[in-house]
Amino acid sequence: MIPDADAVADPDRRLALECIAAGIQAAEPATVIDERVSVRGSQLVVAGDRYDLDSSEDVVVVGGGNAAATAARALETVLGDRIDRGAVVTDNPVETDRIEVLPGDHPLPSERGVESTRRILEIAQSAGADDLVLAIITGGGSALMPAPAEGIDLSSLRSTTERLLGSGAAIGEINAVRKHCSAFKGGRLAAAASPATVLGFAFSDVVGNRLDVIASGPLAPDESTFADALSVLDRYDIDVPNAVETRLRRGEDGAYPETPGPDDPAFESVTQYVLADGNTALDAAAETAREAGYEPLVLSSRIRGEAREAAKVVAGIAEECVATETPVAPPTVLLSGGETTVTIRSDGVGGPNQEFALSAALELSEPDVVVASVDTDGIDGNSDAAGALATRETIEPESEARTALLNNDAGGFLDRRDASIVTGPTGTNVNDLRVFVLPEH
């Protein structure tokens, strides 16, 4: 999973990479679905709950996201020819037997993603009351499954998405806008599949596993409003195309219906399961550290905020461990997950995890501490890397490193120092995974 990890001579750097690799592998759909989904006789068993397959007319699979194709293939392994039809949208295609794998793009929506999402909606709408719909919902689904709402063209949707992603807004705020510009998000996939029985299989890349936020909540009731979407644009001073602003303001005035809320009957036949999340990766990384003789400490699976600022906080905790052996004494591995953000100020290369690693290395007073931070989907921001591994040595000359961080070019700086972690698409997405290795002194 992590290229050349075995070739890394330094044991602490190697351990950081091994923890990252273990976390990603634990969250792979093949691993997760094998553990949590099975067929026993005529019963589909999901996290201990049972569903009678013989009472279903057809079994239909739909969905999308970075991990959608790998999850679809894993479901085929479990269900085999009990799957009658289906399709998923992804930017990480794999070969499948019974489920169509359709193309889409991430992080910005594309025309082929629009066409693929139309196909998903058609399949969902074809499901009858006696059918069982298995819906795969994974991180990246918001961009990969675009369906512009009435009055909005793809160009306007792309521009709005790009500005939202660079604004520093939290993912819940971003998705409040996306849901009100879409004919798919905010519970509308559930409405399309109604009255079929729907089981949602979620791979969460959202802090707190909010089902209304993961992939913009296509199966979840939505309590956000057009007014909330407009408030996000005002709060972050985001200038959007006229088509988007017009729709949101007309929606606020009642010209368009709000997204389906908790009382909508479409959700009566929907049950959702979070099959994997950030803790899935953190637990596996902690076990890897423990096996290496290091005491792991999971700080939180919910770290958020500006990446460069969050890094200062965790770097401070690492320094405290070295100086006072509090809250844990080295040798230790500090672990955290969640989703940090970046406010785009310049046109450099990189993403939140590269900014986190560079900022942490700049803050650390301890030269022996190793920092690794990745996005578990394998793509960090606008770079080709998943993230980076860094120490104090990495950031020399310091003035150049600080300039790169200021100009949102952490990825460019770290790549020139062979500090990038490049995995390629991983087939999963359970948010960020960060590792601080503190050797014994």
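Report follows, based on the coordinates. Everything numeric here is computed off the predicted structure, so don't read it as measured data.

**Section: the overall build of the protein**
Counting secondary structure elements, the protein contains 15 helices and 15 strands. Over its C-alpha trace the protein gives a radius of gyration of 22 Å, about what one expects of a compact globule, namely 22 Å for 441 residues. Viewed in the frame of its principal axes, the protein has a C-alpha envelope of about 65 × 55 × 35 Å. Buried residues in the protein amount to 59% of all 441 residues. Long-range pairs, those at least 24 residues apart, make up 78% of the contacts in the protein with a sequence separation of at least 6. Entry remark: accessible area of the protein is about 17,000 Å², with carbon and sulfur atoms responsible for 43%.

**Let's talk about the pattern of salt bridges**
Scanning all chains against the criterion turns up 19 salt bridges. Where D432 meets R434, a salt bridge forms, and the shortest distance between an N and an O atom there is 3.3 Å. The same class applies to D432 as to R434, namely buried. Three or more residues joined by partner-sharing salt bridges are found here, namely E100, R119 and E122.

**A word on the nonpolar core**
Formed by 52 residues in total, the largest nonpolar core has its most connected members in L44, V46, L134, L199, L275, V333 and V435. Here L275 is in contact with V32, I33, R36, V37, V46, F201, A202 and F203, once residues within four sequence places are set aside. Among the nonpolar cores identified, the runner-up in size contains 31 residues, and V60, A135, A215 and F267 belong to it.

**Here we look at helix α10 (residues 242-252)**
Within the sequence span of α10, burial applies to V244, R247, L248 and G251. End-on view of α10: buried residues confined to an arc of 95 degrees, all on one side of the axis. Of the surrounding secondary structure, the elements contacted by the buried residues of α10 are α6 (154-165) and α9 (226-235). Downstream of α10 by one or two residues, G254 has phi in the positive range, about 95 degrees.

**Considerations on the environment of A147**
Relative to the assigned elements, A147 resides in the loop between α5 (141-144) and α6. For the pair A147 and V322, spaced 175 residues apart in sequence, the C-alpha separation works out to 51 Å. For A147, the residues in contact, after removing those within four places along its chain, are T117, C181, S182, A183 and F184.

**Observations concerning the side chain of D277**
Residue placement: D277 occurs in the loop between β9 (270-276) and α11 (278-291). For D277, the side chain forms a polar contact with the main-chain nitrogen of N279, separated by 3.0 Å. Once residues lying within four places of it in the same chain are set aside, the contact partners of D277 are S204, N209 and V430.

**Comments concerning a negative patch on the surface**
Among the surface-exposed residues, E57, D81, D84 and D130 lie close enough to one another that they form a single negatively charged patch. Secondary-structure assignment places D130 in the loop between α4 (111-126) and β7 (132-138).

**Some words on the sheet that holds strand β1 (residues 37-40)**
What the three strands build is an open sheet, ordered β1-β2-β3; its pairing is antiparallel. The open sheet has two free edges, formed respectively by β1 and β3 (49-52), since each of these has just one partner strand. Pairwise comparison of adjacent strand axes, ignoring direction, gives a mean angle of 25 degrees for this sheet. By the bridge criterion, four bridges tie strand β2 (residues 43-46) to β3 in an arrangement that is antiparallel. Residue pairing across strands places V45 opposite R50, the latter belonging to β3. Where helix α2 (residues 29-36) meets the sheet, its contacts fall on β1 and β2, and the angle it forms with β1 comes to roughly 45 degrees. Its contacts with the sheet place helix α3 (residues 68-79) against β1 and β2, and it is angled at close to 20 degrees to β1.

**As for the packing of α9 against α10**
Between α9 and α10, the shortest axis-to-axis distance is 8 Å and the interhelical angle comes to 140 degrees. By the angle class used here, α9 and α10 are oblique. For the pair α9 and α10, the crossing hand works out as left-handed. Each of F226, A227, A229, L230 and L233 in α9 lies in contact with α10, whose residues at this interface are R247, L248, R249, G251 and E252. Here the contact of α9 with α10 is built from residues that sort into six nonpolar, one polar and three charged.

**Here's the deal with the side chain of S359**
Here S359 is to be found in helix α13 (residues 352-363). With residues near it in sequence (within four places) discarded, S359 still touches R308, A311, K312 and L405.

Definitions and cut-offs
- Residues numbered from 1 in each chain as written.
- Predicted model: local features only at pLDDT ≥ 70, side-chain atom pairs only at ≥ 80, totals over all residues.
- Heavy atoms only, no water.
- Helix = DSSP H or I, 4+ residues; strand = E, 2+ residues; numbered from the N terminus.
- Rg over C-alpha atoms; globule rule 2.2 N^0.38 Å.
- Buried < 20%, exposed > 50% of the residue type's maximum accessible area, 1.4 Å probe, protein only.
- Contact = heavy atoms within 4.5 Å.
- Areas by Shrake-Rupley, 256 points an atom, 1.4 Å probe, with all protein chains shown as cover.
- Salt bridge = Lys/Arg side-chain N within 4 Å of Asp/Glu carboxyl O.
- Core = buried A, V, L, I, M, F, W, Y, C linked by side-chain atoms within 4.5 Å.
- Arc of directions from axis to C-beta.
- Polar contact = N/O pair within 3.5 Å; in protein donor to acceptor, adjacent residues only side chain to side chain.
- Patch = residues over 30% accessible without salt bridge, like charges linked within 9 Å, V, L, I, M, F, W, Y side chains within 5 Å.
- Lys, Arg positive; Asp, Glu negative; His and termini not counted.
- Charge placed at Lys NZ, Arg CZ, Asp CG, Glu CD.
- Pairing = 2+ DSSP bridges.
- Axes fitted to C-alpha atoms, helices over the stretch in contact; angles between N-to-C directions.
- Parallel < 35°, antiparallel > 145°, perpendicular 65-115°, else oblique.
- Left-handed = near helix turned anticlockwise from the far one by under 90°.
- Nonpolar A, V, L, I, M, F, W, Y, C, P; charged D, E, K, R; others polar.

It is worth stressing that arrangement in space is one thing and function is another; only the former is reported here.
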